[in-house]
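# Overview (structure and organization)
Here are the chains, one letter per residue:
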Amino acid sequence: MVPREGPESAQCPCPSLASLNAKDVLRRKHKRKSRQHQRFMARKALLQEQGLLSMPPKLGPSPLPMPSEALPGTEATSSGMQRLRNEPGGASWSRKPTPRESAGPRPSKCVAIDCEMVGTGPRGRVSELARCSVVSYHGDVLYDKYIRPEMPIVDYRTRWSGVTRQHMRKAIPFQVAQKEILKLLKGKVVVGHALHNDFQALKYVHPRSQTRDTTYVPNLLHQPGLHTRTRVSLKDLALQLLHKKIQAGQHGHSSVEDATTAMELYRLVEVQWEQQQASSLPPRPEDREPDSSTDMEQYMEDQYWPEDLAQGTRGETEAQDRRE
């Protein structure tokens, strides 16, 4: 019986035809990309003519201006900028310092806080705010007021808080004090000792990246003598590192003195602390270089383009294809 040559032989394509089809597919694909690029360039030129898109700076062999010749707003190449930075005595030419380059928050953006609490509730076990002090980077008192708790005071805790019944005569309501204090803390780097207690009394949560708790100071200094306990008191830190005595006497703590001491401790290790803080933070969005070409290409697509303008540029590219 003679085998029939039917569909099997018909399904086997000729190698020359397959190669021709592949070349044709590549040619059409390249032509489609070319048309897209032509539309992109046409739309880009149209936007530049209408003043809606700035012209790209022209690159040329012009020499890099010296620091004495540079004008405000003049931009230099990255290699030139690096060369200027490396010169001794040269100024920094970067527009915006990165977190790693900056030494830390400006003094006007840094405050220290300390709160004194009294006991309310059953057996006076609930701690409520009775005094709050805020000082500046240089130790100037920005806020110091006595505050009337929301619940009746059961225990003044005068031995530690320094608050007495007489202080409550001129105390202001908690709600009023809270608004005044939070207004001072907003947008600031807040320094203090065991700040979670102060923020809890204020019923407030401050951003962690803007908080500097001086209980962390021993870890920055790496002094074995300060690691004997899990948390060193502000009094001990002041004695060992600042050589000053605080919280002495029988009249209780002074929130102004404690806040000032916390700021002094922060300033003692400010450089190390801020360098470590900057290295642990992710880069801010404004520090990242935007890829403008990718964004531009994306929004030059037909779906983002006005219909009347899209038809005009599309018609021009199709006319060029027909002429080709």
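With an unreviewed UniProt entry as reference, the protein chain is termed Apoptosis enhancing nuclease, source organism Canis lupus familiaris. Regarding the protein chain, the UniProt comment filed under Subcellular location (unreviewed entry) reads as follows: "Nucleus, Nucleolus".

### So, the overall build of the protein chain
When helices and strands are tallied, the protein chain shows 12 helices and seven strands. Counting every position in the protein chain, which comprises 324 residues, the buried fraction comes to 31%. Taking the contacts inside the protein chain whose residues are at least 6 apart along the sequence as the reference set, 59% of them involve residues at least 24 apart.

### Topic: unusual backbone geometry
One non-glycine residue, K203, lies in the positive phi region at around 55 degrees. Along the chain, K203 turns up in the loop between α6 (195-202) and β7 (211-213). The class for K203 is exposed, based on a relative accessible area of 55%. If you check the backbone angles, H243 has positive phi at about 55 degrees while not being a glycine.

### Some details on the side chain of K188
Looking at the element boundaries, K188 is found in the loop between α5 (174-185) and β6 (189-192). Salt bridges are absent for the buried K188, whose nearest opposite-charge side chain, D140, sits at 12 Å. At 3.5 Å, the side chain of K188 forms a polar contact with the backbone oxygen of L184.

Criteria and thresholds
Residues numbered from 1 in each chain as written. Predicted model: local features only at pLDDT ≥ 70, side-chain atom pairs only at ≥ 80, totals over all residues. Heavy atoms only, no water. UniProt positions renumbered as here; feature names shortened; annotations may be inferred. Helix = DSSP H or I, 4+ residues; strand = E, 2+ residues; numbered from the N terminus. Buried < 20%, exposed > 50% of the residue type's maximum accessible area, 1.4 Å probe, protein only. Contact = heavy atoms within 4.5 Å. Lys, Arg positive; Asp, Glu negative; His and termini not counted. Salt bridge = Lys/Arg side-chain N within 4 Å of Asp/Glu carboxyl O. Polar contact = N/O pair within 3.5 Å; in protein donor to acceptor, adjacent residues only side chain to side chain.

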